[in-house]
Amino acid sequence: MRNLRFLFASALLMLSLGAWAAEKHADLSIATHGGSNGTWTPATNTYAWTAGNNSRVAITDIAGDLTEWTTLVVVTADYTDSYRVDWKFTDNSELQGTNAFGKCYSAGTKEFTLTTGLTAEQIATVKEIRINTNSGTGSIKIKDVYLKNDAATPFTRTCSGFTTLSSASNNCYYNTATKNFSWTGSSSNNLQIFEMEAGTLANFRTLTFTTSDLTSGPYRVLFMDGATTLKTKSFYSAGTKVVDLNTDSDLAGLDLSAVTSIRFAGQSNAGNLTINPASIYLTAEEMSLVSPISGFEWYDYSTDAVYGHSGSQLQKQLGSSVGQNAILYGPYSGNGGTAYMDVTDYEEMVFTTTNAGTAGLRLLYGDDVVSTTSTNAAKEYSVPLTSINKIGTVKTKNESVTATTFSAINFKKSFEPAFSATAWSFAKDVENTTVSLNRNFTADQSSTIWLPFDLTAEQAAAAGEFYEFVAFDGSNLGFNPVTEPQAYTPYLFIPALSGELFNNITTTVKAVNSSTLSATGGTATFKGVLQHINNVKGAESGTVYGYDATNGEFVQVTGDGVSIDAFRAYIVISGGAALAPRLRVSINKTPTGVEDVQGENVQGIKVLRDGQLYIKYNGTMYNVQGQKVNR
């Protein structure tokens with residue numbers, strides 16, 4: 001079924017260094033049909049069944065030991081009724097699929113994490129995997145079945161089921177049906193999220209999760225080494241939380257390499273909240289933007305024109321201990337009647353207090369309180385901005401308070417290139433902004449890249465070498481050097497150093513410019529990516545090539561299972577001509593100011609071969625001196 005799909009397996013782009021990462025796969029085949037209530041049609045890959053469980057399609061090519069694999073992938077189409085994945089073991093015992101692990105109520109790509117639904121012993125003794133009828137009468141087209149193990153990811157992004165460490169005396173309970181986690185007043189209760197080998201967590205950057213329906217708080221996330229709690233972080237509200245494992249003040253001093261599990265727990269009082277396993281994941285890299293409030297532009301209330309920073313209408317009280325109803329930042333009066341901050345592109349406001357006062361915080365726009373937060377300690381607080389577009393004034397809460405010192409206010413937007421189905425976007429340029437691209441590079445290992453900000457010549461030279469796409473001659477892709485890379489433009493990049501090369505850059509984040517997301521040469525287009533794309537081939541009408549850093553070539557994508565992360569780029573070639581499975585990259589190391597050859601109002605095509613620039617015009621090749629050459 002999949003004889004060609006992973007002929008070029010190195011073309012799969014996941015959490016790599018911009019290259020097409022090598023994800024390990026094992027193809028499985030469908031060989032037999034069992035039972036009396038179903039029909040398997042090999043010609044159309046269709047399995048049809050009537051009511052009853054005595055019908056199945058067996059998946060073969062299993063050696064009886066799946067310990068080297070992490071995930072079973074089943075790809076289906078033409079769904080008419082629910083089906084499930086069952087397992088049979090060498091001792092002839094069987095395990096039927098359940099709602100938590102195995103039942104499917106739609107077609108498409110389904111991934112089953114083996115360790116979620118099977119014990120270690122079962123994984124080591126699998127004899128047969130079955131696609132089986134669930135109930136009723138129906139049919140399904142089985143397009144693909146395979147096992148995979150992504151060597152770049154020690155455990156899956158989503159945790160599709162919790163392991164509760166509770167007992168009757170531990171006062172902790174997780175309901176898998178309702179996704180409700182409840183606890184009593186005991187501080188010893190906990191619910192395991194991830195279990196890992198020591199050293200694994202050091203490879204990751206952020207922990208993200210989403211909770212809802214919090215009845216009482218706070219609740220905590222525990223970072224454990226065996227039974228020892230190394231660090232805890234408390235949360236006082238539900239919603240989406242992003243914890244930076246390297247910079248979060250509550251985790252200061254945490255040795256990430258010592259962590260062997262991450263757990264949820266209640267705190268002093270009883271409570272409960274909803275935790276969806278699919279919302280919990282660790283990421284190795286993230287695009288995070290933090291804009292200091294001093295770099296924010298204010299807009300006129302009536303005209304949306306940029307409003308000046310000078311004058312008495314803007315007040316700034318940060319760094320001072322203040323009482324009730326005091327302005328921290330904003331117009332002297334009007335709460336947005338004079339000017340406002342446009343926070344459309346940002347997802348949270350983070351403010352810091354340096355003493356344990358209880359002033360609290362209000363965000364106002366006109367006469368409306370758009371958000372309010374209480375303070376009770378010297379710490380960092382987060383105010384979600386998901387439903388807030390404009391802020392008129394930031395004030396303390398209108399209540400009796402003790403003095404609180406507010407030392408900083410920042411606005412933040414985070415983006416996960418590897419997983420985000422929502423495209424990266426900025427509506428306006430944001431100046432004087434601190435940008436960090438938390439992506440590791442390896443010195444001299446080339447990759448594709450594009451960035452939402454310009455680089456100066458000095459910044460680019462310190463990072464490495466950037467090359468723009470200029471030409472395609474049918475088998476070679478030509479690139480020229482660039483000294484000042486521009487925002488939203490795809491490049492080949494050769495790092496000068498290893499590590500994170502674009503951290504804490506003070507620059508201007510540019511508004512998204514769709515006209516510069518790609519570069520064209522001949523019939524080939526070099527396309528930048530604004531969001532994670534699961535099926536690159538399916539998203540394009542032409543022939544798709546992804547970059548293979550191992551060989552420094554672009555590899556033709558032949559199957560539907562190849563994905564690409566944001567902030568990378570790939571090649572698309574239009575036309576119906578037969579193309580090679582690999583395209584050579586030709587880099588011109590010497591810049592040239594030669595103009596394109598012109599003739600009869602038709603522009604020639606730049607071609608780079610072996611580091612030399614040529615011009616191809618009406619099928620004839622010329623050097624930069626205009627002389628005809630035999631190439």
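All values derive from a computational prediction rather than experimental measurement.

Draft legend 1. The arrangement of unusual backbone geometry in detail. Positioned with a positive phi, Y488 is a non-glycine residue whose angle comes to about 60°. Here Y488 shows up in the loop between β41 (476-482) and β42 (491-495). The buried category is assigned to Y488, whose relative accessible area is 1%. The backbone of F567 sits at a positive phi, close to 70°, despite the residue not being glycine. Among the secondary structure elements, F567 is positioned in the loop between β47 (553-556) and β48 (569-573). Among the residues examined, F567 registers a relative accessible area of 1% and is labelled buried.

Draft legend 2. A look at the pattern of salt bridges. All chains considered together, the criterion is met by 10 salt bridges. Residues E94 and R130 are paired through a salt bridge, measuring 3.4 Å at the closest nitrogen-oxygen approach. With a gap of 36 residues between them, E94 in strand β8 (residues 94-95) and R130 in strand β11 (residues 126-133) connect regions that are remote in the sequence. Residue class for R130 comes out buried when judged on its relative accessible area of 5%. In this structure, the salt-bridge partner of E553 is R582, at a minimum N-O distance of 3.4 Å. Placement of E553 in strand β47 and of R582 in strand β49 (residues 582-587) is noted, with a sequence separation of 29 residues between them. Relative accessible area serves as the criterion here: at 23%, E553 is assigned to the partly exposed category. Overlapping salt bridges, with partners in common, bring together R56, E94, E128 and R130 in one network.

Draft legend 3. Representation of the packing of aromatic side chains. Scanning all chains against the criterion turns up 29 aromatic pairs. On the numbers, 4.9 Å between centres and 40° between planes, the contact of Y47 with W49 is tilted. No difference in accessibility class separates Y47 from W49, as the two residues are buried. Members of the aromatic cluster, each reached through a chain of ring pairs, are Y346, F411, F415, W424, F426, W450, Y488 and F567. K379 extends its terminal NZ or CZ atom over the ring of Y381, reaching a point 5.5 Å from the ring centre.

Draft legend 4. Examining the confidence of the model for the protein more closely. On average, residues of the protein score 75 in pLDDT, and 73% of them reach the 70 mark or higher. Confidence drops under a pLDDT of 50 for residues 151-172, and excluding neighbours within four residues, the segment shows 62 contacts in the predicted structure. The low-confidence segment residues 591-603 (pLDDT under 50) makes 15 contacts with residues lying over four places distant or belonging to another chain.

Thresholds applied
Residues numbered from 1 in each chain as written. Predicted model: local features only at pLDDT ≥ 70, side-chain atom pairs only at ≥ 80, totals over all residues. Heavy atoms only, no water. Helix = DSSP H or I, 4+ residues; strand = E, 2+ residues; numbered from the N terminus. Buried < 20%, exposed > 50% of the residue type's maximum accessible area, 1.4 Å probe, protein only. Salt bridge = Lys/Arg side-chain N within 4 Å of Asp/Glu carboxyl O. Phe/Tyr/Trp six-rings, centres within 6.5 Å; stacked < 30°, edge-to-face > 60°. Lys NZ or Arg CZ within 6 Å of the ring centre and 35° of its normal. pLDDT = per-residue confidence, 0-100. Contact = heavy atoms within 4.5 Å.

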